[in-house]
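Observations on chain architecture
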Amino acid sequence: MSNYDQGPGYQAYDRPPEPSPHPEPARRYERGQSAGRRTALLIHTIADIAAAFLGLWIVLYLLDANRDNVFVEFVHSVSDGLAWWSQDIFTMDTESLRVLLNFGLPAVIYLVVGHGISARLSRV
């Protein structure tokens, strides 16, 4: 009896495996799912970075960091760019409370919206 006569489920080692009858739809689904997860991770990461810059600026301001320092200037300029839409929503007499609220609100919104969109995309 030769290797090829072993029965219907026998797969000889000297022959290539037989292809699956419908592999393409499964691959397309996996690719779409993978792309959705990558997009969700990207949005999640961008929201975290934006919130981190805003939080870092709040901490630097509350600790009275030297505003002439290049790093502090960079963090402040990035935070101003991220929070342009929320500037002067809160006009408090206490400057530190004003900075905390005007930069903290966008940080929380970026986190909530970014993580919400990310969760929605990863479920699809």
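In what follows, the structure referred to is the one given above.
A brief structural summary. Note that the structure is predicted; figures quoted are calculated from it, not measured.

The rules behind each value
Residues numbered from 1 in each chain as written. Predicted model: local features only at pLDDT ≥ 70, side-chain atom pairs only at ≥ 80, totals over all residues. Heavy atoms only, no water. Helix = DSSP H or I, 4+ residues; strand = E, 2+ residues; numbered from the N terminus. Buried < 20%, exposed > 50% of the residue type's maximum accessible area, 1.4 Å probe, protein only. Contact = heavy atoms within 4.5 Å. Phe/Tyr/Trp six-rings, centres within 6.5 Å; stacked < 30°, edge-to-face > 60°.

Our next topic: the overall build of the chain. The secondary structure content of the chain amounts to three helices and zero strands. Its helices and strands in sequence order give the chain the pattern α-α-α, from N to C terminus. Out of the 124 residues in the chain, the part that is buried amounts to 21%. Here the analysis covers contacts within the chain between residues at least 6 apart in sequence; of these, 52% occur between residues at least 24 apart.

The next thing to look at is the side chain of Ser118. By the element assignment, Ser118 lies in helix α3 (residues 95–123). Residue classification places Ser118 among the buried residues on the basis of a relative accessible area of 8%. Aside from chain neighbours lying at most four places away, what touches Ser118 is Ala40, Leu41, Ile43 and His44.

So, on to the packing of aromatic side chains. Using the criterion set out here, one finds four aromatic pairs in the structure. When the ring of Trp57 is compared with that of Tyr61, the centres are 5.9 Å apart and the planes differ by 55 degrees; the resulting orientation is tilted. Placement of both Trp57 and Tyr61 in helix α1 (residues 23–62) is noted, with a separation of four residues, approximately one turn of the helix. Of the two residues, Trp57 and Tyr61, both sit in the buried class. Geometrically, the ring pair formed by Trp57 and Phe103 is edge-to-face, given 6.5 Å between the ring centres and 70 degrees between the ring planes. Of the two residues, Trp57 sits in helix α1 while Phe103 sits in helix α3, which places them 46 residues apart along the sequence. Across the pair, exposure class does not vary: Trp57 and Phe103 are buried alike.

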